[in-house]
Amino acid sequence: MKYFSTRGGGDLLTFEEAVLSGLAPNGGLYIPERIPTLPPNWQDDWKSYSFVDLSVAVLSLYIAPEELSREELRALVSRSYTTFRHPDITPLTKLSDNEFILELFHGPTFSFKDVALQLLGNLFEFFLARRNARKSPGERPASLTVVGATSGDTGSAAIYGLRGKKNVSIFILHPKGRISPVQEAQMTTVTDSNVCNIAVKGTFDACQDIVKALFADQPFNEKYHLGAVNSINWARILAQTVYYFLAYFQVRRQIPQPESSEIQFVVPTGNFGDVLAGYYAKRMGLPMSKLVVATNSNDILARFWRSGRYEQIDSSPEATPPSQGAPDKKPADGGVQATLSPAMDILVSSNFERLLWYLVYESSSAAPDGARRASAGATIEGWMKSVKGNGHVEVPVEVLELARRDFLAERVSDDQTLQTIKQYFIGSPSYIADPHTSVALTAARTVSTKNPPSVVQVVLSTAHPAKFSEAVTKALSTSRGFDFERDVLPQEFRGLLELERRVVDVDEPSKELVKKVIESKVGN
Ligand SMILES: *Cc1c(COP(=O)(O)O)cnc(C)c1O
C-alpha cells in the first residue's frame, strides 16, 4: 500500500515515509492509494478479537508487510497499549439497549488522543532505529525534533506518546498561564530528558505562529529534522479506526437483536480526525448507519452539511448578527470562539480535506483512474487555496449529496452542553460526561428522534470529566449528591499539582528565542 497527497503531485510514499513526514510538501494530506476491503470472513474471524488483535488485523490492511511484518506490528501495538488503565483499552458502557458510550479516555493523559499518540511514538522510534541500523559507522543518525503548540489537550498526549523515545525530542509551546492547571501540570511534570515544555509569554496563536515559522525556516528545519504530531498524521487516523470495529462487536454482544439492529456512531468533532477514522471503517465495510458529526458553536462543519458552503465565518442570512448578544454567538472578527469544549474550538477542520478528496473523486467521471485522481487533487488544491485566501469555498451539489450519504451533522451550544451533563448525571444509570462527550450526547438525542427504533447509538467519549472540571462542576454543583473529589477525580490527578515541574520560560513570543532553546537542547 502506498500513499499520495490530497493536493495531487505524482509522488507515492511508503507508510513509513507518510508517517515520518506528516504533511505533504504541497500542503496536502496523505491518503492511501485505495481503501482496502475487509477479508471475507471478518465477521466471524474477528468477533472475539481484543483491541490489540483488531489493531493488527485492521492496520495490516494499510501497511505493506515488507515495511512492517505482522509480528513487528503486533509488538509495536501491544507495547503502545500497555499504558492504558482498562483491559479493553476502549471499553463500552451501556446506558440502555439503544444508547452506549465508547470511552476513549483510559490512556495516560485521560484523553482520546492517547489512542493514536501512544502508537505514533512507537512507530517513530521503530522507523528511526531501523534507518540507523542501516547506516554505516560514523554517519549521522536519523533523528526527529517534534515541535508543536498546544492550548491543552494535544500537547500532553503528544508528550506522553514521545517521552523517552530514542532519537526523538519533543518541544511543546504553550501560552504561559493560559491553559488549564491540570493540563499544564500534566505536561510539565514529565521529566524525561527528551521532553521540553516551553511556556511562551503570549497567546496560543502566537505559539502557533512561532511553530509555523520554524517549519518554514528551511536551514533550521533541515538541520533538526522537524516533525509534527498534529492530527493530520496518517498514523493517527489509522490507529483510531480500530475502536469502531471493537465497539461494533461489543455492542452486538450486548443488544437483544443484533441481526436487525444498525449501529450509529456519534462523534464530538474538531479537526475531523476521530470521525474520519469512522468513515474509513465504514468505507472498508463495517456496517453502520450515517456517522454523526457533533460540533460546538465553532460549527463550520455543521454549516457545511446544511449549505454545502465550507466557510470560516457564517455568512448565511439566518446567521445571528453579532449585536444580538446570544450567549454563544460568533465573535464579530470571525475568530475562534472559546467554548466549554475547548478541544473542539477550531476555525477550519484540517482533516476535512481528506473527506473532500473522496467526495470529489467519487463524483468525478474522469478516466482512467490516474486522471481521475489527478483531477481530484487539482480540485482540492484549488478549494483549499480558496479557503485560505477567501475564507470559504462552495462545493457542487453532487459533492454535498455524497457527503450527506454518509454523515449527519449537529451543532450544540454551551447551554445545551451543561444541561446534558446534568441530565445524564441524574439519569439511570447515572453517568458523568465531560463537556466534549456531552456535545455528542446532545447531538445523539437530537438525531435519535428521527431514527427508526432499530438504530443503536454509540457516543464516543473523548475525555475524562476530571480534565474539564470547570464545566463539569458548573453543570453539577447544584445537583444533589454530587461530589467532584469523590465522583470524578481519579487517583492519578491527586497530588499532580504539587509534583516537580520542568518548563523553560520564553519571555516574549519570539521565534529566535525558541530556536535558541531548541539549539541548546538538541545541540549538534
Ligand atoms: C481532540 C479532541 C476532540 C476532537 O477530535 P478531532 O479528531 O480533532 O475531531 C474532541 N474531544 C477531545 C477531548 C479532544 O481532545
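For the structure given in this document, a descriptive report is provided here. For every chain, the first residue of the written sequence is number 1, and numbering continues from 1 onward in sequence order. Residue-level local features of this predicted model are given only where pLDDT is at least 70; pairs of side-chain atoms are given and counted only at 80 or more, and the full residue set underlies all totals for whole chains, interfaces and linings. With hydrogens and water stripped out, all remaining heavy atoms of the structure feed into the side-chain values.

Some thoughts on the overall build of the protein
What counts as a helix is a DSSP run of H or I of at least four residues, what counts as a strand is a run of E of at least two, and both are numbered from the N terminus. The secondary structure content of the protein amounts to 20 helices and 15 strands. When the backbone C-alpha atoms are referred to their principal axes, the protein occupies close to 65 × 60 × 50 Å. Burial classes follow relative accessibility: with a 1.4 Å probe on protein chains only, a residue under 20% of its type's maximum area counts as buried, one over 50% as exposed, and anything between as partly exposed. Going through the 524 residues of the protein one by one, you find that 57% of them count as buried. Two residues form a contact once any of their heavy atoms are found within 4.5 Å. Intrachain contacts of the protein at a sequence separation of at least 6 include 75% that bridge at least 24 residues. In short, Shrake-Rupley with a 1.4 Å probe defines the accessible areas, and a residue's cover is counted only from the protein chains shown. Summed over all atoms, the accessible surface of the protein reaches about 21600 Å², with 50% contributed by carbon and sulfur. Only four residue types enter the charge count, namely Lys and Arg as positive and Asp and Glu as negative; His and the chain termini do not. One atom stands in for each charge, and that atom is NZ of Lys, CZ of Arg, CG of Asp or CD of Glu. Taking the average place of the 56 positive charges on the side chains of the protein and the average place of its 59 negative ones, the gap between the two points comes to 1 Å.

Re the packing of helix α6 (residues 153-162) against helix α7 (residues 181-188)
Closest axis-to-axis distance for the α6/α7 pair is 9 Å, and the angle between their directions is 20°. One element, α6, and the other, α7, form an angle in the roughly parallel class. Crossing angle aside, the handedness with which α6 passes α7 is left-handed. Between α6, through Asp153, Gly155, Ser156, Ile159 and Tyr160, and α7, the contact on the second element is made entirely by Gln183, Gln186 and Met187. Of the residues that constitute the contact of α6 with α7, the class distribution is three nonpolar, four polar and one charged. Fitted lines through C-alpha atoms serve as axes, helices being fitted only where they are in contact, and the angles separating the N-to-C directions of these axes extend from 0 to 180 degrees. By definition in this entry, angles of less than 35 degrees are roughly parallel, angles greater than 145 are roughly antiparallel, angles of 65 to 115 are roughly perpendicular, and the rest are oblique. Crossings are sorted by hand: turned counterclockwise from the far helix by less than a right angle, the near helix makes the crossing left-handed, and turned clockwise it makes it right-handed. Basically, the charged four are Asp, Glu, Lys and Arg, the nonpolar ten are Ala, Val, Leu, Ile, Met, Phe, Trp, Tyr, Cys and Pro, and anything else, Gly included, counts as polar.

Side note on the side chain of Glu103
Residue position: Glu103 is located in strand β4 (residues 99-103). As a buried residue without a salt bridge, Glu103 has its nearest oppositely charged side chain in Arg85, at a separation of 8.4 Å. Whenever two N or O atoms come within 3.5 Å, that pair is a polar contact, provided that in protein one can donate a hydrogen and the other can accept it, and provided that, for residues adjacent in sequence, both atoms are side-chain atoms. A polar contact is formed between the side chain of Glu103 and the side chain of Tyr431, at a distance of 2.6 Å. Other than its neighbours up to four places away in sequence, Glu103 contacts Ile89, Thr90, Pro91, Thr93, Tyr431 and Ser461. Think of a salt bridge as a Lys or Arg side-chain nitrogen and an Asp or Glu carboxyl oxygen that are within 4 Å of each other.

What to know about the environment of Arg283
The topology assignment puts Arg283 in helix α11 (residues 273-284). Classification of Arg283 by relative accessible area gives partly exposed; the value is 30%. Put simply, Arg283 and Ile170 are 113 residues apart on the chain and 35 Å apart in space, counted from C-alpha to C-alpha. What Arg283 contacts, discounting residues up to four positions off in sequence, is Ile35, Tyr358 and Glu362.

So, the pairing of strand β14 (residues 455-461)
In terms of residue burial, β14 counts as a mostly covered element, since seven of its seven residues are buried. Both faces of β14 are covered, namely the face carrying Val455, Gln457, Val459 and Ser461 and the face carrying Val456, Val458 and Leu460. Pairing between two strands requires that DSSP report at least two bridges joining them. Here five bridges tie β4 to β14, and the two strands are oriented parallel to one another. When the bridges of β14 are listed, Glu103 appears paired with Ser461. Bridging between strand β9 (residues 262-268) and β14 involves five bridges; their strand directions are parallel.

Let's talk about the environment of Tyr81
If you trace the backbone, Tyr81 turns up in helix α4 (residues 70-81). Once the C-alpha coordinates of Tyr81 and Ala116 are considered, the two residues, 35 residues apart in sequence, prove to be 9.9 Å apart. For Tyr81, the contacting residues outside a window of four places in its chain are Phe51, Ser55, Ile89, Val115, Leu119 and Ala239. In this structure the side chain of Tyr81 is engaged in a polar contact, spanning 2.6 Å, whose partner is the backbone oxygen of Val115.

So, the site of the ligand
If a single non-hydrogen atom of a residue is within 4 Å of a molecule or strand, that residue counts as near it. Near the ligand, the surroundings consist of 16 residues, among which Lys113, Asp153, Gly270, Asn271 and Thr462 are the closest. At 2.8 Å, a backbone N or O of Asn271 approaches an oxygen atom of the ligand. A distance of 2.9 Å separates an oxygen atom of the ligand from a polar atom in the backbone of Asp274. In the shell around the ligand, the residues fall into six nonpolar, seven polar and three charged. Where each domain begins and ends is defined by an automated method or by a domain database. Both domains that meet at the shell around the ligand, namely domain 1 (111-232 + 493-524) and domain 2 (237-313 + 346-466), each give it at least three residues.

Thoughts on the packing of aromatic side chains
Any two aromatic rings considered together are summarised by their centre-to-centre distance and by the angle between their planes. Any Phe, Tyr or Trp ring, taking Trp's six-membered ring, that has another such ring centre within 6.5 Å forms a pair; planes under 30 degrees apart are called stacked, those over 60 apart edge-to-face, and the others tilted. Applying the stated criterion to the full structure yields 37 aromatic pairs. Sitting over the face of the ring of Phe110, Arg85 holds its NZ or CZ atom 3.6 Å from the ring centroid. Here, over-ring charges are defined by two tests on the NZ atom of lysine or the CZ atom of arginine: distance to the ring centre within 6 Å, and angle to the ring normal within 35 degrees. Taking NZ or CZ as reference, Arg372 lies 4.3 Å from the ring centre of Tyr361, over its face.

A word on the packing of helix α12 (residues 300-307) against helix α15 (residues 397-406)
In the contact formed by α12 and α15, the axes pass within 9 Å of each other and the chain directions differ by 115°. Taking contact as the criterion, the partners of Phe304, Trp305, Arg306 and Ser307 in α12 are, on α15, Leu400, Ala403 and Arg404. Residues that form the contact of α12 with α15 fall into these classes: four nonpolar, one polar and two charged.

Focus on the pairing of strand β7 (residues 195-200)
Burial runs high along β7: six of the six residues are buried. Here β7 shows two buried faces, one formed by Val195, Asn197 and Ala199 and the other by Cys196, Ile198 and Val200. By the bridge criterion, six bridges tie strand β6 (residues 168-175) to β7 in an arrangement that is parallel. Bridge pairing links Ile172 to Asn197 in β7.

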